[in-house]
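Survey of secondary and tertiary structure
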Number of protein chains: 2
Amino acid sequence: MGSSVKRVAVLGSTGSIGRQTLEVIGALPQNFAVIGLAAGKNTALLAKQIEQFRPRFVHSQSKEAPSSEAEYELLSLEEIAGHPDVDTVVIATSGKWGLKPTLAAAKAGKRIALANKESLVMAGEIITSQAKRNRAQIIPVDSEHSALWQCLEGESRRVSRLIITASGGPFLGYSPAQLAEVTPEQALKHPSWRMGSKVTIDSATLMNKGLEVIEARWLFDTPFEDIQVIVHPQSIVHSMVEFIDGSVKAQLGYPDMRLPIQYALSYPERLDNPQLPRLDWESIRKLDFAPPDFDSFPCLKLAIEAGKKGGTYPAVLCAADEVAVQLFLSRRIKFTDIAHLVGKALEKHKSTAHPTLEEIMAADEWGREMVSGLVKELNK
Amino acid sequence: MGSSVKRVAVLGSTGSIGRQTLEVIGALPQNFAVIGLAAGKNTALLAKQIEQFRPRFVHSQSKEAPSSEAEYELLSLEEIAGHPDVDTVVIATSGKWGLKPTLAAAKAGKRIALANKESLVMAGEIITSQAKRNRAQIIPVDSEHSALWQCLEGESRRVSRLIITASGGPFLGYSPAQLAEVTPEQALKHPSWRMGSKVTIDSATLMNKGLEVIEARWLFDTPFEDIQVIVHPQSIVHSMVEFIDGSVKAQLGYPDMRLPIQYALSYPERLDNPQLPRLDWESIRKLDFAPPDFDSFPCLKLAIEAGKKGGTYPAVLCAADEVAVQLFLSRRIKFTDIAHLVGKALEKHKSTAHPTLEEIMAADEWGREMVSGLVKELNK
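Residues numbered from 1 in each chain as written. Chains lettered and ligands numbered in written order. Predicted model: local features only at pLDDT ≥ 70, side-chain atom pairs only at ≥ 80, totals over all residues. Heavy atoms only, no water.

Things to note about the domain arrangement of chain A
All names here are of chain A. Heads up, the rule is: Marked domain ranges trace back to an automatic or database domain assignment. Throughout, buried area stands for the accessible area (probe radius 1.4 Å) lost by two parts on being put together, summed over both. Whenever Lys or Arg places a side-chain nitrogen within 4 Å of a carboxyl oxygen from Asp or Glu, that contact is recorded as a salt bridge. Polar contact is the term for a pair of N or O atoms within 3.5 Å; when the atoms are in protein, one must be able to donate a hydrogen and the other to accept it, and sequence-neighboring residues count only if both atoms are side-chain atoms. In DSSP terms, a helix is any run of H or I states spanning at least four residues, a strand is any run of E spanning at least two, and both are numbered starting from the N terminus.
As assigned here, chain A comprises domain 1 (6–140), domain 2 (143–256 + 279–307) and domain 3 (310–380). One C-alpha centre belongs to domain 1, the other to domain 2; they are set 26 Å apart. Between domain 1 and domain 2 lies a buried interface of about 1300 Å² when both sides are counted; carbon and sulfur atoms form 65% of it. Counting the surface domain 1 buries against domain 2, the share from its top three residues, Lys117, Val121 and Pro140, is 44%. The tally of links from domain 1 across to domain 2 stands at 2 salt bridges. Glu118 is the partner of Lys198 in a salt bridge, and the nearest nitrogen-oxygen pair spans 4.0 Å. At the boundary of domain 1 and domain 2, one finds 1 residue pair in polar contact (both at pLDDT 80 or more). When contributions to the side of domain 1 that touches domain 2 are tallied by element, the ones reaching two or more residues are α1 (16–27), α5 (117–133) and β7 (137–140).

Structure follows, in structure tokens:
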């Protein structure tokens, strides 16, 4: 292994981002090697990944260790994230399970390729201050934040506006009445991106976009007032930055997570990778834009408001949304009930300012229980 | 005058770019001061500019010096461009008159804000090598090249493609037969940009875009094969760069030359200037793109071919085009004859490889005479 080969730990390796991260690493063996893999309960796929990449460290949520001919050390997520031999930690674990390993990587001064939204949404203040203190570099993997990062590169950061694009999801143009009738099958058909089911539903409600606004606030230390969301159905312009002189820079590409994943790994370099598609300007004939419809998609507003209020509101937002999305997927509530339940939970919450990680986790628990209680009332 | 105030000489101050440069400088007196002004024969406007900006150095092509209460020193274009007290030289003189002052500024190691296309098109090799030797910085003022410059900022320049956008001019979608009938009045109505008449006709023939491709080749040291032109009628995306990982960066703004002018003056900083418009994403609903029509607009192809062949071909291209555009404006030839005459002149030219400035100027003379002779045959 050459000294220029970066040793990458992939936490959440069997999920959508994890698998695409391994595709990128597999295509660039001169640049990256897998030193750690962590997965949830998909032990069969994890075992295959271990065979192929031969990591030194493994974590599995499953009770039985993945059977494999390869030798490896079983560690916790935090142990892998903070291990001295790890250069870059890809945080692709889902939900609140991303927080502790992100914090461990921040404390250990790692390069963090961050795909987990909840880390910054729920604990942005704690994680960014730890990263700053320990010179950890948080590089976003989300296509929107990667676009913003790329547009800001080389600039003195005198920014007047961050413009985050939203595909608008599969229900762009739907009225609230139409939205009340949509099924999980319809909501899971995203027009442009391949993603896990939770994120796909969040894209359909625009909750996802709201979480991204909160993330952007922490990643780029930008006030909410200077972050704008615009709908762009083709998902080719991934986001834009307006500078103080009015000049706007945009980053473009086909919707393919492998580009922002690779950029987070290779930054500040760019690497040639034949896997990655090139925009074909013979076939792209138009790019559409529209302001978002806050009436049909109240989750966007709820998220931005929770972000502005801060404290433990964003933690409750994430927890309530996660439970509500599961309830929708299991057909216990309507699509429009997601926003209703999240809004109710936020309304009832008593926030703690500058919360500790424990207080954030407690707010998460509180939010889950609140939605579980509210849904019983809803179904009476 | 504080030490941070940059002393700017504006060559071609009464033309479109010159006047807009003075608007920008007038709005930012904390950052820029006018140390020199040079103009052609518009002595009345030059006198007004002298009153307002009180430059130390003046050049006028007119026989009578501009009458003014102000005191100033009359110098040649080259003397102003190379004067030790000048920090930045804006080259906004038109046609071949830009070459010698650009070269003087390059030899004197100045910041050159370059709006004159012919300097790099006709003498790219000489000027870029002199600039390199003397650490002069050539920063483009053209909106397209400014966009490319901005997209490249902070990147390691591992570029796979420069994508230059073209508005397509007022005759987008016209057939060659329709183009044969267009009048100077129609051609002078550009849909998006305010510019001088020569540049406006060059925009209508797409010659302008061809010259920009040659300029880009020299400014960014990029082979012609990696420079693509695409039509974008709204002129909001000013150009794009595709990097080796397939990521594309674009620079956007309303068509307003004051932004690229200001950026060339303030680079690498950006400055807040209330004159400069902000993109309104509530009103921008779509951006269109299309491949250029090389059959209807043969000037684009002629220019790229002349650029590829190099030597004195680009000088003949510029000279022949300048004469042909004047003949069209004075109604002596048809719109489609512009390409015809330029093509004929290039066909008959015997090029000199790696020409000196004298050889370039001789080729310019040759091209002018050739077109004047060809038009007599055409009109027989």
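Things to note about the pairing of strand β6 (residues 111–114) of chain B
All names here are of chain B. Which entries qualify depends on this criterion: Think of it in three bands: residues with accessible area under 20% of the maximum for their type are buried, residues over 50% are exposed, and the middle band is partly exposed, with areas taken using a 1.4 Å probe on protein chains only. DSSP-based pairing: two strands are paired if at least 2 bridges between them are found. Orient the strands so they point away from the viewer, and a crossover whose first-strand-to-second-strand path over the helix runs clockwise is right-handed.
Of the two faces of β6, the one holding Arg111 and Ala113 and the one holding Ile112 and Leu114 are both buried throughout. The pairing of strand β5 (residues 88–91) with β6 spans 4 bridges and is classified as parallel. By the bridge assignment, Val89 is partnered in β6 with Ile112. Crossover connection from β5 via helix α4 (residues 99–107) to parallel β6: handedness right-handed.

Points about the interface of chain B and chain A
Reports of interface size often rely on the accessible area that becomes lost once the parts have come together. Applicable threshold: Contacts are residue-level and defined by heavy atoms, with any inter-residue pair within 4.5 Å sufficient.
Contact residues are listed per partner, giving 46 residues for chain B and 46 residues for chain A. The junction of chain B with chain A conceals about 4000 Å² of combined surface from both sides, 49% of it contributed by carbon and sulfur atoms. The largest per-residue losses of area from chain B upon contact with chain A belong to Asp245(B), Arg270(B) and Trp281(B), which jointly make up 20% of the total buried on that side. If you look at where chain B meets chain A, you find 6 salt bridges.

Notes on the side chain of Asn116(B)
Residue and element names in this part refer to chain B. When you line up the elements, Asn116 lands in the loop between β6 and α5 (117–133). For Asn116, a relative accessible area of 2% translates into the label buried. At a separation of 3.2 Å, a polar atom in the side chain of Asn116 contacts the main-chain amide nitrogen of Glu118. Among residues more than four places away in sequence, those in contact with Asn116 are Ile91, Thr93, Ser94, Gly95, Gly98 and Glu215.

A closer look at the environment of Leu276(B)
Mapped onto the secondary structure, Leu276(B) falls in the loop between α11 (258–266) and β12 (286–288). Take Leu276(B): its relative accessible area is 4%, and that puts it in the buried class. Here the alpha-carbon distance between Leu276(B) and Met257(B), two residues 19 residues apart in the chain, equals 9.5 Å. Leaving out residues up to four positions away in the same chain, Leu276(B) has contacts with Asp245(A), Arg258(B), Leu259(B) and Gln262(B).

Some points on the packing of aromatic side chains
All names here are of chain B. Put simply, the rule is: For this analysis, a ring pair means two rings from Phe, Tyr or Trp (six-membered ring only for Trp) whose centres lie within 6.5 Å, classed as stacked if their planes differ by under 30 degrees, edge-to-face if by over 60, and tilted for the remaining angles. Charge-over-ring contacts are defined here by two conditions on Lys NZ or Arg CZ: a distance within 6 Å of the ring centre and an angle within 35 degrees of the ring normal.
Counted by the stated rule, this structure contains 14 aromatic pairs over all chains. Note on Phe171 and Tyr174: the rings are 5.1 Å apart at their centroids and 50° apart in plane angle, and the pair reads as tilted. Take Phe171: its relative accessible area is 2%, and that puts it in the buried class. The class for Tyr174 is partly exposed, based on a relative accessible area of 26%. The aromatic ring of Tyr313 is capped on one face by Lys309, whose charged end is 4.8 Å from the ring centroid.

Here we look at the environment of Thr200(B)
Residues and elements named next belong to chain B. Looking at the secondary structure, you find Thr200 in helix α9 (residues 197–205). A sequence separation of 30 residues divides Thr200 from Pro170, and the C-alpha atoms of the two residues are 9.5 Å apart. Not counting chain neighbours up to four residues away, the residues in contact with Thr200 comprise Ala187, Leu188, His190 and Met195.

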